[in-house]
Amino acid sequence: MTLTPTPPNEAAVHPTANSVVSVESSRAEDQRPRRCSGGDALMDALHRHGVRHIFGYPGGAILPIYDALHKAEARGWLRHILVRHEQGGTHAADAYARATGQVGVCFGTSGPGATNLVTGIATAYMDSVPMVVVTGQVPRAAIGTDAFQEIDIFGITLPIVKHSWVVRDPSQIGRIVAEAFLIAASGRPGPVLIDVPKDVGAEEFDYVPVEPGTAIPAGFRATPAPDRAALLQALDLIRQAHRPLLYVGGGAVGSGAHGAVQALAERFQLPVTTTLMGKGAFDERHPLSLGMLGMHGTAYANFAVTECDLLIAVGARFDDRVTGRLDSFATRAQVIHIDIDAAEVGKNRVPDVPIIADVNTALLGLLALSERENGKGRTTAWLSRIAQWKEHYPLVVPKAEGEIAPQEVVIALRDLAPQAYITTDVGQHQMWAAQFLPTGPRHWISSAGLGTMGYGMPAAMGVQVARPEAQVVCVAGDASILMNIQELGTLAQYGLPVKVVVLNNGWQGMVRQWQESFYSERYSASEMTNGMPDFKALAESFGVRGIQITDRADLLPRLAEALAHPGPVFVDVVVRRNENCYPMVPPGASNAQMVGLPSHPELAIDTTRQCTACGETTSSAHHFCPSCGTKL
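Okay, so let's go over this structure. If you're wondering where the values come from, they're calculated on a predicted model, not measured in any experiment.

The next point concerns the overall build of the protein. When helices and strands are counted, the protein shows 24 helices and 22 strands. The C-alpha atoms of the protein give 26 Å as radius of gyration, which agrees with the globular expectation for 632 residues (26 Å, within 12%). On the principal axes, the C-alpha backbone points of the protein span a range of 85 × 60 × 50 Å. Split into buried and exposed, the 632 residues of the protein put 55% on the buried side.

Okay, here's the thing in structure tokens:
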């Protein structure tokens, strides 16, 4: 029997007094019990919650659900994307959610299928991404017997989900799915898990649909409205500040607050810096933008946070990669902290004004209370000082000589694909992309909290499925891309026109940089040249077009060629082997103490070395003395 809801007729779309009875009768009929399997009920419940795409990989315990999925696809409302590894499915669903603001959905079977999902679930949890994960499980009677491919995925994932269920009774499926979507998307978003035993998926029962939003879990609390008194206190601090700074995190992206962020910044002339998660929440081409702050942030953003007198944290959590040494972070500033999660407010820095609310709602409240106000020139001197920092300490791009610099590749992508959705893997390439690629809201897709290597390409798949007409570019490193290289098969199968651009330096680049800087150049297990595949040939073996670029003269034309190609393309760009990502705040240092600044003797850490043989001074990036050749 068909479980797909009947499309609305003309009377339902444009109800009249005579049509109300028929609409109500239709709704009542839709709520009558219908005989179906647990798998069919699950698919109907997903349909009712607007699910149109599922990323997954089948296996024995989840076969009853996949049988129902097959019927759903035949009816035309669903498209399943077969990934090559369950981790790829979680990352694709995660990025689907980040790009759309909708809940991503992925499937995996029991045992190793379920455990392969764990890294992706943790990635989504750390970055507050709404996702519903459905796993198959051994039959109810076999649970706890160490049955074939049995694993307690409920217990394993408890610390990395907002909530989870093991479905013991198929009649509860409709309610559980409704609760799952509500919990995943509400408050601070995050992943949830539904574990379905095989016999539950196969068992027939009288199914009663549950509509979205009608099943409210016990103890569920709606997000509170911002406290008016707190908003007024915050406004008083903003009015008094002469060196204010807006510090914007991923919560602003998640709540769709980019318009309110810009309006507040322009009204009070507030400079704006974003976290890695916050990229896209403010136009980085705007004169008030300072780019990203933190370990690999801009020098001027880090100087600004060190010297500001008011820090307005918007949907950010004061994590260690942003703050550096916490006791030296924004020590001169009063703090306003706006966040939807009360647990984050005061966790790392006690604010002077806490505002527990949805970020967009709170910012709109501040704007409403200050409708006829402006900065009145209070920040003019502050903005002038920041402009001087921008002039004196810009992001450094190496001279265009010798081997291609990785920064050149990223800048070329910026110029050739300015409207692209950008996904990244994790490492130096991720930081260069963050530094040099300005993006719009929901166009920056990167694993920030967990730092998951292998995230970029499956994430790009998810974005491309969600945004089929958009340009999607994955920026990756040669080490990271190998973590989920099998997803080239998914790109090929579905013809997803993702462009994968690898900055290939033959290293685990960030690991090598740390070993050079902090471990006396002991490069332990970080070189990747031995066993490195021919990426061009490998991509083509999957049916994906491959391009290798080794010459600077070929960089722009070959990248343009790749971006213009109608299908997926894998671009292997061979770049300088020993290029480091600067600026860099060393572990344990203040944000104002950065390695790699061109000058700033009173703040910058020494970046030179002296040769013990001849006494010549050279850059710390050099491995050998340029005068006598002695190893430094």
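Side chains of Y125, M126 and L450 sit close together on the surface and give an oily, nonpolar patch of about 240 Å² of accessible area. Positionally, M126 belongs in helix α7 (residues 118-126). Judged by relative accessible area, M126 falls into the partly exposed class, the value being 32%.

Direction vectors running N to C along helix α3 (residues 38-48) and helix α4 (residues 63-75) enclose 50 degrees, while the axes themselves pass 8 Å from each other. The angle between α3 and α4 places the two elements in the oblique class. Helix-helix and strand crossings are classified by hand; for α3 and α4 the assignment is right-handed. Where α3 approaches α4, its residues G39, D40, L42 and M43 are matched on the opposing element by P64, I65, A68, L69, K71 and A72. Grouping the constituent residues of the contact of α3 with α4 by class yields 7 nonpolar, 1 polar and 2 charged.

Turning our attention to the sheet that holds strand β15 (residues 421-424). Whenever strands of a sheet pair, they do so through backbone hydrogen bonds, lying parallel or antiparallel. With parallel pairing, the 6 strands of this open sheet are ordered in space as β16-β15-β17-β18-β20-β19. Unpaired on one side and paired on the other, β16 (444-445) and β19 (545-549) mark the two borders of the sheet. Strand direction decides the pairing type here: strand β18 (residues 499-504) and strand β20 (residues 569-574), joined by 6 bridges, are parallel. Bridge pairing links L503 to V573 in β20. On top of the sheet, helix α24 (residues 552-564) reaches β17 (472-477), β18, β19 and β20; it is set at about 170 degrees to β19, its chief contact.

This structure, assessed with the given rule, holds 25 salt bridges. A salt bridge links R98 to D127, with the shortest nitrogen-to-oxygen separation between them at 3.0 Å. Here R98, found in helix α5 (residues 86-100), pairs with D127, found in the loop between α7 and β5 (131-137); they are 29 residues apart in sequence, far enough to count as distant. The exposure class of D127 is buried, given its relative accessible area of 5%. Across the pair E203 and R140 runs a salt bridge whose closest N-O atoms are separated by 2.4 Å. Separated by 63 residues along the polypeptide, E203 in the loop between α10 (198-202) and β8 (204-207) and R140 in the loop between β5 and α8 (153-156) bring together distant segments of the chain. It is possible to trace a salt-bridge network through shared partners that takes in R188, D341, E344 and K347.

To continue, consider the packing of aromatic side chains. Both the distance between ring centres and the angle between the ring planes are used here to describe each pair of aromatic rings. Tallying each qualifying case throughout the model produces 12 aromatic pairs. Ring geometry for Y66 versus F107: centroids 5.9 Å apart, planes at 75 degrees, classification edge-to-face. Here Y66, found in helix α4, pairs with F107, found in strand β4 (residues 104-108); they are 41 residues apart in sequence, far enough to count as distant. Both residues of the pair, Y66 and F107, count as buried. With centroids separated by 5.6 Å and ring planes inclined at 85 degrees, the aromatic side chains of F303 and Y393 adopt a geometry described as edge-to-face. Linking F303 in helix α14 (residues 299-307) with Y393 in the loop between α17 (380-392) and α18 (406-416), this pair joins segments that are 90 residues apart in sequence. Across the pair, exposure class does not vary: F303 and Y393 are buried alike. Aromatic rings pair up to connect F303, W382, W389 and Y393 into one cluster.

Axis separation between α5 and α7 bottoms out at 7 Å; the angle between their running directions is 20 degrees. Taken together, α5 and α7 sit at an angle that is classed as roughly parallel. Judged by the sense of rotation from one axis to the other, the crossing of α5 with α7 is right-handed. Between α5, through Q87, T90, H91, D94 and R98, and α7, the contact on the second element is made entirely by T119, G120, I121, T123 and A124. Broken down by class, the residue content of the contact of α5 with α7 amounts to 2 nonpolar, 6 polar and 2 charged.

Okay, the nonpolar core next. Residues F55, M457, I481, L488, L491, V500 and F570 are the most contacted members of the largest nonpolar core, which totals 48 residues. Of all the secondary structure elements, the ones that give two or more residues to this core are α5, α7, β5, α20 (456-466), β17, α21 (488-494), β18 and α23 (535-541). In contact with M457, other than residues within four places in its own chain, are D425, C474, I481, N484, I485, E487, L488, L491 and V500. Counting 36 residues, the second-largest nonpolar core is a separate cluster that includes A45, L69, W165 and V167.

Strand order in the open sheet formed by 6 strands is β3-β2-β4-β5-β7-β6, with parallel pairing between adjacent strands. Every other strand in the sheet has two partners, leaving β3 (79-82) and β6 (163-166) as the edge strands with one partner each. Averaged over all adjacent pairs, the angle separating strand axes in this sheet is 20 degrees, with direction ignored. The strands that α3 touches are β2 (53-56), β4 and β5; relative to β4, the one it contacts most, it runs at about 165 degrees. This element, α7, spans β5 and β7 (191-197) of the sheet and lies at about 155 degrees to β5.

Over its 15 residues, α5 runs 21 Å from end to end, which matches the ideal 21 Å to within 8%, given 1.5 Å per residue. G101 lies just past α5 and shows a positive phi near 80 degrees.

A few words now on the environment of G454. Relative to the elements of secondary structure, G454 occurs in the loop between β16 and α20. Looking at G454, the relative accessible area reads 2%, which means it is buried. Considered as a pair, G454 and P224 are 230 residues apart in the sequence and their alpha carbons are 37 Å apart.

Here the focus is the side chain of E179. One can find E179 in helix α9 (residues 173-185). Its relative accessible area of 9% is what places E179 among the buried residues. Within the structure, the side chain of E179 is placed 3.5 Å from the side chain of W165, a separation counted as a polar contact.

Rules behind the numbers
- Residues numbered from 1 in each chain as written.
- Predicted model: local features only at pLDDT ≥ 70, side-chain atom pairs only at ≥ 80, totals over all residues.
- Heavy atoms only, no water.
- Helix = DSSP H or I, 4+ residues; strand = E, 2+ residues; numbered from the N terminus.
- Rg over C-alpha atoms; globule rule 2.2 N^0.38 Å.
- Buried < 20%, exposed > 50% of the residue type's maximum accessible area, 1.4 Å probe, protein only.
- Patch = residues over 30% accessible without salt bridge, like charges linked within 9 Å, V, L, I, M, F, W, Y side chains within 5 Å.
- Areas by Shrake-Rupley, 256 points an atom, 1.4 Å probe, with all protein chains shown as cover.
- Salt bridge = Lys/Arg side-chain N within 4 Å of Asp/Glu carboxyl O.
- Axes fitted to C-alpha atoms, helices over the stretch in contact; angles between N-to-C directions.
- Parallel < 35°, antiparallel > 145°, perpendicular 65-115°, else oblique.
- Left-handed = near helix turned anticlockwise from the far one by under 90°.
- Contact = heavy atoms within 4.5 Å.
- Nonpolar A, V, L, I, M, F, W, Y, C, P; charged D, E, K, R; others polar.
- Pairing = 2+ DSSP bridges.
- Phe/Tyr/Trp six-rings, centres within 6.5 Å; stacked < 30°, edge-to-face > 60°.
- Core = buried A, V, L, I, M, F, W, Y, C linked by side-chain atoms within 4.5 Å.
- Expected span 1.5 Å × (residues − 1).
- Polar contact = N/O pair within 3.5 Å; in protein donor to acceptor, adjacent residues only side chain to side chain.

Purely spatial values, then, with no claim about function.
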